[in-house]
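# Coordinate inspection notes
Next come the chains, spelled out residue by residue.
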Amino acid sequence: IDWHETDSKVWICPGCDRPDNGQEAMIACDLCDDWYHWDCVGITEEPLENVNWYCPKCHSAGGAIKRANNKFSQKR
């Protein structure tokens, strides 16, 4: 996340290191909250609202499970 002078958040896509410009569709990982451009993660149509989406980092071998456990333990 980058901050502008107006204190507004600007999401930086980890897939391409480009900021959210408001023109390209982006999706947030349901575990780490990183935002990706659809093109950077191969999404071509709008995902269903009730389906979780995990970024490549969290989806990789065991990454999703570890992050989910960390998120759960932080809420206690």
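Residues numbered from 1 in each chain as written. Predicted model: local features only at pLDDT ≥ 70, side-chain atom pairs only at ≥ 80, totals over all residues. Heavy atoms only, no water.

Before going further, it helps to examine the overall build of the chain. Tallying secondary structure elements over the chain gives two helices and four strands in all. Written out in order from the N terminus, the α and β elements of the chain read β-β-β-β-α-α. By the burial criterion, 20% of the 76 residues in the chain qualify as buried. Counting only contacts in the chain whose residues sit at least 6 apart along the sequence, the fraction spanning at least 24 positions is 24%. (Helix = DSSP H or I, 4+ residues; strand = E, 2+ residues; numbered from the N terminus. Buried < 20%, exposed > 50% of the residue type's maximum accessible area, 1.4 Å probe, protein only. Contact = heavy atoms within 4.5 Å.)

This next bit is on unusual backbone geometry. The phi dihedral of Asp 17 is positive, around 65 degrees, even though this residue is not glycine. Relative to the elements of secondary structure, Asp 17 occurs in the loop between strand S2 (9-10) and strand S3 (26-28). Exposure remark for Asp 17: the relative accessible area of 60% places this residue in the exposed category. For Asp 33, which is not glycine, the phi torsion reads 65 degrees and is therefore positive. Relative to the elements of secondary structure, Asp 33 occurs in the loop between S3 and strand S4 (35-37). Residue Asp 33 is classed as partly exposed on the basis of its relative accessible area of 43%.

Evaluated as defined, the whole model comprises two aromatic pairs. On the basis of an interplanar angle of 35 degrees and a centroid distance of 6.0 Å, the ring pair of Trp 11 and Trp 35 is categorised as tilted. With Trp 11 in the loop between S2 and S3 and Trp 35 in strand S4, this residue pair connects regions lying 24 residues apart in the sequence. Ring geometry for Tyr 36 against Trp 53: centres 5.8 Å apart, planes inclined by 65 degrees, an arrangement best described as edge-to-face. (Phe/Tyr/Trp six-rings, centres within 6.5 Å; stacked < 30°, edge-to-face > 60°.)

Moving on to the side chain of His 37. Looking at the element boundaries, His 37 is found in strand S4. You can call His 37 buried: its relative accessible area is 1%. In this view, His 37 contacts Cys 13, Cys 16, Arg 18, Pro 19, Asp 20, Glu 24, Ala 25 and Met 26; residues no more than four positions away in its chain are not counted.

These figures come from the coordinates and say nothing about function on their own.
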